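Summary of the model geometry
What follows is each chain in one-letter form.
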Amino acid sequence: MSKRIALLGMPNTGKSTLFNRLTGASARVGNWPGVTVDLLSAKILIGGDMVEVVDLPGIYDLHGYSDDEKVVRHFLERQALDLLVVPLNALQLDRQLVLPLQLAQLGLPVLVLVNMMDEAKTLGIRIDTQALAAGLGLPVVAISAKYGLGQAEMQAALKSALQISQGMAAGAATPDAIDASPDAIAARKRLQEDDSLEDKAAALSRSAVDVPMQLPERFSDKLDRVLMHNVFGLPLFFLAMFCVFAGVFWLGTPLQDAMKWLFDLFNAHVLTPVLAGAPELLRGFVVDGLYGGLSTVAAFVPVIVLFFFFMAVVEDSGYLSRAAYLMDALMVRLGLDGRSFVMLLMGFGCNVPAIMGTRVMRSRALRLLSMLVIPFSLCSARLQVFLFIIGALFAPTQAPWVLLSLYLLSFATAFLTALIFRGQKHFRSEEPFVIELPPYRLPTLRQVWMRGWLEVSHFLRRASKIIVSGVVLVWLLTHLPSGVEAASAASYAGMIGHWMQPLLGPLGIDEKLTIALIFGFVAKEVVIGALAVIYSLEGDALAHHIAGSLTLIQAYSFMLFCLIYTPCLSTIATIRSESRSVGFAVLAVAWPLALAWGASFVFYQVASRLLGG
Amino acid sequence: MTTRLTTLKPGNSAAITAIHAAEALHHRLNALGLRVGKQIQVMRQASFHGPLHVRVGSTDIIIRRSDAACIELRAA
Ligand SMILES: Nc1nc2c(ncn2[C@@H]2O[C@H](COP(=O)(O)OP(=O)(O)O)[C@@H](O)[C@H]2O)c(=O)[nH]1
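Residues numbered from 1 in each chain as written. Chains lettered and ligands numbered in written order. Predicted model: local features only at pLDDT ≥ 70, side-chain atom pairs only at ≥ 80, totals over all residues. Heavy atoms only, no water.

**Topic: helix H22 (residues 525–534) of chain A**
All names here are of chain A. Most of H22 is tucked away: ten of the ten residues are buried. Burial in H22 covers these residues: Glu525, Val526, Val527, Ile528, Gly529, Ala530, Leu531, Ala532, Val533 and Ile534. Ser536 sits one or two residues past H22 and shows a positive phi near 40 degrees. (Buried < 20%, exposed > 50% of the residue type's maximum accessible area, 1.4 Å probe, protein only. Helix = DSSP H or I, 4+ residues; strand = E, 2+ residues; numbered from the N terminus.)

Rendered as structure tokens:
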């Protein structure tokens, strides 16, 4: 039978990094307490045995109440394990020894890894692992998961710990006391038990950890004086975010052109000649439908890759916790907290992980309100739609400002939504806001690469099926019933567009754009592909055509609608599963739709009156 | 004489004498190292009545003022 080990530890002790180190696969690495929400697992060889490694969410102790702590408890209640691997932050041993002591008391097989030894060395902190091991009664190895220090010792320790382990049955780590019974006497008792463990932990850390009398001032402290500054902090933060988005834009554009060029080359020299003899309908379907749609979408992959590389750096740097600090004063007035703001920002990559990230919040009300506002984040899929349309219609000097205005509107709609809904009984929360502030860290290239690669491959895997089926569906709707002129009024798509006109006409959104919007409901990745099929043009030709057939006001109104209405089916599905409420999911679709319609309507009517467009 | 964490000036530190919080918050504070007897230092306060940045031992924590109000300190 194959063996199983689980990584268990406080948030931000380097569990994800360790998991990557152990398995070579890539889990999500984030310098944000509790970001690891999925249970990642991988099979590796330890001492000739196949061993499954599971990465559990970060928890503060076995008695907690957050969703993450419940996930961990459920896992431990149901799964038999051979070994618990507990990474600790070497710099915080004074408070991290309680968890391994709890586990040791239960007599479980545990291997303790004192992680971040590189940082401890820099600060001159010396740790006597033998004294620790003796005090805990558990094997202890010092490592740096990030830089690979102590790898060999860790492997050896894993091997011998697995050899002597008798295994632990499901539920062994969660005896009755831990089922978090809410009654006050049990609660008091737990706190008292923890207090006695705490004394033991404190004594142990005093005897095994040697901290210099005067810690050298950390680089982090100096940086914080600037980046968390009461006046400069926020402007600097927005500047940094602007640089990220601008960097993605400027670096991405040439790459995008290169991608387009490659696809055109393939089309001209391979696809078209090969299909020269095929029947007209098939050729149209493959070249104009499938390939045209796909190549237009593929041109945006470099931008998405870049975006995730940048976000990996920002996320791992620890800056997001500072953002939470800076923004909390504002967010609390909206009924949210600093973390909601950070999730909102994560949503700029993709709404789906951002919505899952709200699990770190304990109060359901706060989670729901956060989940309601996150879909307004201008995600990378919407970004590609906007990049295309802005590139086609606006002068290069205007382009960044148009894009910036959309980002600002994205915040504005999110904040407005929070303001409107925060008073409702379902969204009012008394969740405390207490989070850890990690030091600044520079991710290694390996971390950035793995993270970026992971996100992109996830994105492509998740999106490619939807994109292909979306593009095919659009082609069919625009070319059937057979014999009609593509996307003309007689096609199915034309009929739907026509039927929706009374609703969308007043927004300046014509029949063809309506069809694109309908497909955008499935996924924004499909919108440009759909336009390519609808106009049976692609790349530059499509851009030219759109520039010729739309006014700037119409284009902006279209983008507004795209920005605000439902992000995509995957987001809706995630909201539904995370909130466990169909009613809430319906609200999360209906409200943005109404808001999108209202905003585009007002914008289009006012702007075309004023500017005579 | 006791005072509240919210009244401690940035740069100053004091010992925690009591934590008056509901159990869940109490637990979370303990896990983060905020315990009776520990020395706590206020690093800075965010503007617009925003949260506090405090340090206990080697751990830096952000805590909202309304939550910080439950922490009682020995006045210097
Ligand atoms: N200096 C240093 N940083 C580390 C080490 N291990 C992890 N980190 C960093 O600590 C932060 C939190 O790590 P992560 O793996 O996300 O922790 P998790 O929350 O426990 O999963 C990230 O910024 C990592 O890059 C280490 O050994 N040394």
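**A word on the interface of chain A and chain B**
Listed as interface residues are 36 residues of chain A and, on the opposing side, 33 residues of chain B. Surface buried jointly by chain A and chain B totals about 3200 Å² across both partners, of which 51% is contributed by carbon and sulfur atoms. Linking chain A to chain B there are 17 residue pairs in polar contact (both at pLDDT 80 or more). Listed by contribution, the elements that provide at least two residues to the side of chain A that touches chain B are helix H3 (93–96), helix H8 (184–208), helix H9 (219–227), helix H13 (319–333) and strand S9 (434–436) of chain A. Relative to strand S5 (residues 59–63) of chain B, S9 of chain A runs antiparallel, the two sharing three bridges. In the strand pairing of S5 of chain B, Val434 of chain A is matched with Ile63 of chain B. (Contact = heavy atoms within 4.5 Å. Buried area = accessible area lost by both parts, 1.4 Å probe. Polar contact = N/O pair within 3.5 Å; in protein donor to acceptor, adjacent residues only side chain to side chain. Pairing = 2+ DSSP bridges.)

**A closer look at the domain arrangement of chain A**
For chain A, the assigned domains read domain 1 (3–210) and domain 2 (235–432 + 443–611). Using only C-alpha atoms to locate each centre, domain 1 of chain A and domain 2 of chain A end up separated by 40 Å. (Domains from an automatic or database assignment.)

**Points about the environment of Ala6 of chain A**
All names here are of chain A. Note that Ala6 resides in strand S1 (residues 3–7). As for Ala6 and Asp82, which are separated by 76 residues in sequence, their C-alpha atoms are 8.5 Å apart. Among residues more than four places away in sequence, those in contact with Ala6 are Val54, Leu56, Phe75, Leu81, Leu83, Leu84 and Val85.

**With respect to the sheet that holds strand S6 (residues 71–74) of chain B**
Neighbouring strands of a sheet are bound in pairs by backbone hydrogen bonds; such pairs are parallel or else antiparallel. One open sheet holds the seven strands; their spatial order is S9(A)-S5(B)-S4(B)-S3(B)-S2(B)-S6(B)-S1(B), and the pairing between them is antiparallel. Two strands close off the open sheet at either side, each with one partner strand: S9 of chain A together with strand S1 (2–4) of chain B. Each adjacent strand pair in this sheet contributes to an overall mean axis angle of 40 degrees, direction not counted. The sheet contact formed by strand S3 (residues 39–45) of chain B and strand S4 (residues 52–56) of chain B spans five bridges and is antiparallel. Bridge assignment links Arg44 of chain B to a residue of S4 of chain B, and that residue is His53 of chain B. (Axes fitted to C-alpha atoms, helices over the stretch in contact; angles between N-to-C directions.)

**Observations regarding the pairing of strand S5 (residues 110–115) of chain A**
Regular strands have side chains that alternate between both faces of the sheet. Residues and elements named next belong to chain A. Where burial is concerned, most of S5 is hidden: six out of the six residues are buried. Burial of S5 is two-sided: the residues Val110, Val112 and Val114 facing one way and the residues Leu111, Leu113 and Asn115 facing the other way are all buried. Sheet topology note: the strand S4 (residues 83–89)/S5 ladder contains six bridges and is parallel. Bridging from a neighbouring strand, Pro87 pairs with Leu113 of S5. The pairing of S5 with strand S7 (residues 140–142) spans three bridges and is classified as parallel. Among the inter-strand pairings, Val114 is bridged to a residue of S7, identified as Ala142.

**Points about the pattern of salt bridges**
This model, assessed by the stated rule, comprises 16 salt bridges over all chains. For Arg322 of chain A, the salt bridge goes to Asp224 of chain A, with nearest N and O atoms at 3.0 Å. In this pair, Arg322 of chain A is assigned in helix H13 and Asp224 of chain A in helix H9, connecting sequence segments 98 residues apart. Judged by relative accessible area, Arg322 of chain A falls into the buried class, the value being 1%. Measuring nitrogen to oxygen at the nearest pair gives 3.4 Å for the salt bridge that ties Glu72 of chain B to Arg4 of chain B. Of the two residues, Glu72 of chain B sits in strand S6 while Arg4 of chain B sits in strand S1, which places them 68 residues apart along the sequence. (Salt bridge = Lys/Arg side-chain N within 4 Å of Asp/Glu carboxyl O.)

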